[in-house]
Amino acid sequence: MTRLLDVENLTLKFDTDEGRITAVDDVSFTLEAGEVMGLVGESGSGKSVTAKSIMKLNPGNASYGDDTKITLHLEDGPVDIMSLHGSKELKVVRGGAISLIFQEPMASFAPAITIGDQMVEQLLIHMDMNAKRAKEVSIEMLDRVGISDPSMRFGQYAFELSGGMRQRAMIAMALSTKPKLLIADEPTTALDVTIQAQVIDLMKDLVKDFGMGIIFITHDLGVIAQTADKVAVMYLGRLIEQGPVRDVLRNPSHPYTKGLIAALPRLDDLDSPLTPIPGDIPSPLERPTGCVFHTRCSVNLGDICTAKIPNFAKVTEGHNVACHLFNGEGAK
Amino acid sequence: MLQFSKFVAVRAALAVLTLVLVSFIVFTLMELVPGDCAERYVAFKSSQGSVITAADIQIERVRLGLDQPYVQRWGSWIFNAFQGEFGDSCILRVNIAQLLGQKFWLSLGLCLSALLLAYAIAIPVGIIAATSKNAVLNNSLRLVSYLGLALPNFLLALMIMLFSTVFFGDSLTGLFSKEYRDAPWDYDKVMDFLGHAWLPVFILGWSATAFAIQTVRALMSDEIGKLYVTAAAARGVSGRRLLMRYPARHALSPIINSLGFDLNRIFTELPIVALILTLTEAGSLLIEALARSNDQQLAGAIIFMLTASIVGINFITDIILALTDPRIRRSIVG
Ligand SMILES: Nc1ncnc2c1ncn2[C@@H]1O[C@H](COP(=O)(O)OP(=O)(O)OP(=O)(O)O)[C@@H](O)[C@H]1O
Ligand code: SF4
Ligand SMILES: [Mg+2]
């Protein structure tokens, strides 16, 4: 396997009228080419911000931590993303080698520009081709993602497509430039279950064909189990557990991950009670000290949890957890 | 194409219907003014020393058609109005179409120029204001547009007159120099007119511009915050292309939509500005007709024509919108 992406100590803060919000706090992970990583966590845990940070897409009130380092490994050598400035340099991570599928497919197409024009525009920016060829490639891509009558759809607007078709068009557009990394931010939440399954299958096929890496963001652990090779769990901007998907789902080690899994309905035993994680997510303005999860943790080891940020400890090979239960002093 | 013609036809029919309704309201209001044209004329005559009897009034009524039933008179009034024929003024006793003719078109021209000026300034300035992060620039723009909103047009007109009288010895009033006032239109008269017209256009455009800047800025900020703009940036679209093709292009529809309101607002400011600058355009005639002489015939004609202009503008903007906004276009052209 070849390394595709290194994210080291990613920290991102927003300056707001209420104060500074730490949306992503010291997050590190890696991704290999051809690998699918699931990024899960409750709403507001910083998944979308993490995704946008990789493309330097966050708004003007955002600032990165000083030791944030993001490296994209391309054939011509590594790209230090934090050192990219200006639209020319950033092109490579914006629609070139990295594509992002946004959470809401309807809102991410410009309403008064046809799907086709938006696709062609992206191809002309990144690929060495003329407008005629770009149109052919776009129609091929629309066909590829299973949109019927692609040349007709090419000339249509987003509001003329159904939700599932829009999501497919979004995928077609994102993949048209043959990116090395695809970030899919909840690409299926807006879809009903059958279409969701189709879209997921489609993405799996395309990953295989294109050999790219995917960061797949979702709330849905079921989707993760079907699609991802590995999973990273976020809580309040911090990564708290990561590892191969089977290990993490079968043997969740962080009390938060355990809680997420326990909160899932069980199809084999529909009478078993759902046990949601107790308590509310703290306001991002008042981040808990020590372990960010200690305000809701049923284990909570006391002083150490409230005072000291837990480091990652190894559970099994490649499966790491940031909890004092597994760290030196608190370890069992 | 066929569907588009149908759309235009339906909109045109709606516009005419609106005008018919408005004409009914205007006509009813004219009727509600105490006294009618016959009485008013006769009163005028008697003030000239003639001895007037009730029979004379009745004869005048018959002559003016005032003895006909209400609905019939309304019908013939609007029938004529749609052909630009409004009968005679009650007081001035001259044909209204002749009296208004040129004045009305001058007024409309002034207002449209003010509207044009307002948007010619507001679109670039509004876009800059919405995108610039420069606090000094933003705050000065804000200050100027607050001034524009807060400073009434008539005050501005008075200030400019005062200023120019003191410094140039010319009050800058009127639309024509004396020698051209009654001259036929020729090159010199046009130049003379333009030399005078910029001031009322500027004054009328002043608050319209301030208003339009606010509109454009708000619409632009709104569009810029939308996800499709971030999504376009994520695809590598950047710089001016991103700005113009995405938020600016999409803010256009609501801007076109607001043109009708803006013209309306300018119309309502016209009379008072005209009064101060002693322009003899239709707006000041309206005030005159309403406030001084109770000339309902003239007032009705002016209100009808102003309304017709606004309905006309709305009709035109509807058509432009249908051509530029795919959501509307698709719903009619398919
Ligand atoms: N532009 C911004 N300005 C200020 N705060 C922001 C901004 N964008 C995001 N945040 C904050 O950052 C935190 C993380 O948001 P993010 O959108 O990444 O959550 P998420 O995990 O994607 O949630 P969801 O599952 O609901 O999409 C939230 O507290 C959010 O309010
Ligand atoms: S570190 Fe402490 S509070 Fe945090 S999850 Fe582990 S046990 Fe719970
Ligand atoms: Mg999100």
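Residues numbered from 1 in each chain as written. Chains lettered and ligands numbered in written order. Predicted model: local features only at pLDDT ≥ 70, side-chain atom pairs only at ≥ 80, totals over all residues. Heavy atoms only, no water.

(A) Examining the overall build of chain B more closely. Looking only at helices and strands, one finds 13 helices and zero strands in chain B. Its C-alpha atoms give chain B principal-axis dimensions of roughly 85 × 60 × 35 Å. For chain B, with 334 residues in total, the buried portion stands at 42%. The long-range fraction of contacts in chain B, counting pairs at least 24 apart against all pairs at least 6 apart in sequence, stands at 73%. (Helix = DSSP H or I, 4+ residues; strand = E, 2+ residues; numbered from the N terminus. Buried < 20%, exposed > 50% of the residue type's maximum accessible area, 1.4 Å probe, protein only. Contact = heavy atoms within 4.5 Å.)

(B) Spatial organisation of a nonpolar patch on the surface. Residues and elements named next belong to chain B. A surface patch of nonpolar side chains, amounting to about 410 Å² of accessible area, comprises F154, L155, L158, M159 and I272. For the nonpolar patch, the element with the most residues is helix α7 (residues 153–168), which contributes four residues. Tracing the backbone shows F154 in helix α7. (Patch = residues over 30% accessible without salt bridge, like charges linked within 9 Å, V, L, I, M, F, W, Y side chains within 5 Å. Areas by Shrake-Rupley, 256 points an atom, 1.4 Å probe, with all protein chains shown as cover. Salt bridge = Lys/Arg side-chain N within 4 Å of Asp/Glu carboxyl O.)

(C) Inspection of the sheet that holds strand β12 (residues 312–316) of chain A at higher detail. Residue and element names in this part refer to chain A. Spatially, the eight strands line up as an open sheet ordered β7-β8-β9-β3-β10-β11-β13-β12, and their pairing is mixed. Looking at strand neighbours, the two that pair on one side only are β7 (98–101) and β12, the edges of this open sheet. Going from strand to strand, the sheet's axes swing by 20° on average, the running direction of each strand aside. Here strand β3 (residues 36–40) pairs with strand β9 (residues 213–218) via five bridges, running parallel. When the bridges of β9 are listed, L39 appears paired with I217. Relative to the sheet, helix α7 (residues 163–175) contacts β7 and β8 (181–185), its axis offset from that of β7 by approximately 170°. (Pairing = 2+ DSSP bridges. Axes fitted to C-alpha atoms, helices over the stretch in contact; angles between N-to-C directions.)

(D) Spatial organisation of the coordination of the magnesium ion (ligand 3). All names here are of chain A. Around the magnesium ion (ligand 3), the donor atoms from the protein are S48 (OG) and Q103 (OE1), and they sit 1.9 to 2.7 Å away. Of this pair, S48 sits in helix α1 (residues 47–54) while Q103 sits in the loop between β7 and α3 (105–108), placing them 55 residues apart in sequence. Assessed through its relative accessible area of 29%, Q103 is described here as partly exposed. (Donors = N, O, S within 2.8 Å, 3.2 Å for Na, K, Ca; no water.)

(E) Looking closely at the packing of aromatic side chains. Per the stated rule, a full pass over the model turns up 13 aromatic pairs over all chains. Judged by centre distance (5.7 Å) and plane angle (10°), the ring pair of Y157 of chain A and F159 of chain A falls under stacked. Residue F159 of chain A is classed as partly exposed on the basis of its relative accessible area, which comes to 28%. With a centroid separation of 5.7 Å and an interplanar angle of 80°, the aromatic rings of F82 of chain B and F304 of chain B are classed as edge-to-face. With F82 of chain B in the loop between α4 (70–81) and α5 (96–131) and F304 of chain B in helix α12 (residues 296–324), the pair connects residues that are 222 residues apart, well separated along the chain. Overall, F304 of chain B belongs to the buried group, its relative accessible area being 4%. (Phe/Tyr/Trp six-rings, centres within 6.5 Å; stacked < 30°, edge-to-face > 60°.)

(F) Quick look at the site of ligand 1. Residue and element names in this part refer to chain A. Ligand 1 sits among 18 residues. The nearest are S43, G44, K47, S48 and V49. Within the side chain of S43, an N or O atom sits 2.5 Å from an oxygen atom of ligand 1. Contacts to ligand 1 include E186, whose side-chain N or O atom sits 3.3 Å from an oxygen atom. Listing elements by their share of the shell around ligand 1, those giving two or more residues are β1 (3–16), β2 (19–32) and α1. Tallying contributions element by element places α1 first for the shell around ligand 1, with three residues. Its residues assigned to classes, the shell around ligand 1 shows six nonpolar, nine polar and three charged. (Near = heavy atom within 4 Å. Polar contact = N/O pair within 3.5 Å; in protein donor to acceptor, adjacent residues only side chain to side chain. Nonpolar A, V, L, I, M, F, W, Y, C, P; charged D, E, K, R; others polar.)

(G) Focus on the nonpolar core. Core analysis: the biggest nonpolar cluster contains 63 residues, and W77, F86 and I203 of chain B have the highest contact counts within it. Mapped onto this core, the elements with two or more residues apiece are α1 (2–32), α4, α5, α7, α8 (187–224), α10 (239–276) and α12 of chain B. Top element by residues in this core is α5 of chain B. It accounts for 15 residues. Three or more residues apiece are contributed to this core by two domains, here domain 1 (2–81) and domain 2 (99–292) of chain B. One finds F109, L123, A158 and A174 of chain A within the second-largest nonpolar core, a separate group that totals 57 residues. (Core = buried A, V, L, I, M, F, W, Y, C linked by side-chain atoms within 4.5 Å. Domains from an automatic or database assignment.)

(H) Structural view of the domain arrangement of chain B. For chain B, the assigned domains read domain 1 (2–81) and domain 2 (99–292). The C-alpha-based centres of domain 1 of chain B and domain 2 of chain B are spaced at 34 Å.

(I) Representation of the pairing of strand β5 (residues 69–74) of chain A. All names here are of chain A. Sheet topology note: the β1/β5 ladder contains four bridges and is antiparallel. Residue pairing in the sheet places E8 in a bridge with K69 of β5. As defined by bridge partners, β5 adjoins strand β6 (residues 77–80) across four bridges and the pair is classed as antiparallel. Within the sheet, the bridge partner assigned to H73 lies in β6 and is P78.

(J) Main features of the confidence of the model for chain B. Residue-level pLDDT values for chain B average 81, and 92% of them are 70 or greater. Scored by ipTM, the complex comes to 0.89, with pTM at 0.83. (pLDDT = per-residue confidence, 0-100.)

(K) Seen up close, the interface of chain B and chain A. Counting residues at the interface gives 19 residues for chain B, matched by 27 residues for chain A. Between chain B and chain A lies a buried interface of about 2100 Å² when both sides are counted; carbon and sulfur atoms form 63% of it. Three residues, L227, R235 and R330 of chain B, lead the burial of chain B against chain A; their summed loss comes to 30% of the area buried on that side. Applying the counting rule to chain B against chain A returns two salt bridges. On the surface where chain B and chain A come into contact, there are 10 residue pairs in polar contact (both at pLDDT 80 or more). Going through the elements one at a time, α9 (227–234), α10 and α13 (326–333) of chain B are the ones with two or more residues in the side of chain B that touches chain A. With six residues, α9 of chain B is the single largest residue contributor to the side of chain B that touches chain A. Classifying every residue of the side of chain B that touches chain A by side-chain character gives eight nonpolar, four polar and seven charged. (Buried area = accessible area lost by both parts, 1.4 Å probe.)

(L) Summary view of the environment of G126 of chain B. All names here are of chain B. Along the chain, G126 falls in helix α5. Sequence-wise, G126 and V216 are 90 residues apart; in three dimensions their C-alpha atoms are separated by 5.0 Å. When residues no more than four places from it in sequence are discounted, the contact partners of G126 are I213, V216 and R217.

(M) Region of interest: the packing of α5 of chain B against α12 of chain B. Residue and element names in this part refer to chain B. Running from N to C, α5 and α12 cross one another at 35°; their axes reach a closest spacing of 11 Å. Relative to α12, the crossing made by α5 is right-handed. Contacts from I96, L99, L100, F104, L108 and L112 in α5 reach Q297, L298, A301, I302, M305, L306, S309 and I313 in α12. Split into classes, the residues belonging to the contact of α5 with α12 amount to 12 nonpolar, two polar and no charged. (Left-handed = near helix turned anticlockwise from the far one by under 90°.)

(N) Spatial organisation of the environment of D192 of chain B. Residues and elements named next belong to chain B. Looking at where D192 falls in the secondary structure, it is placed in helix α8. Each C-alpha atom, one on D192 and one on S177, is 6.8 Å from the other, the two residues being 15 residues apart in sequence. Setting aside its immediate chain neighbours within four residues, D192 contacts L175, F176, S177 and Y180.

(O) Spotlight on the pattern of salt bridges. Applying the stated criterion across every chain yields a total of 16 salt bridges over all chains. Each of K132, R133, E136 and E140 of chain A takes part in salt bridges that share partners, so that together they form one network.

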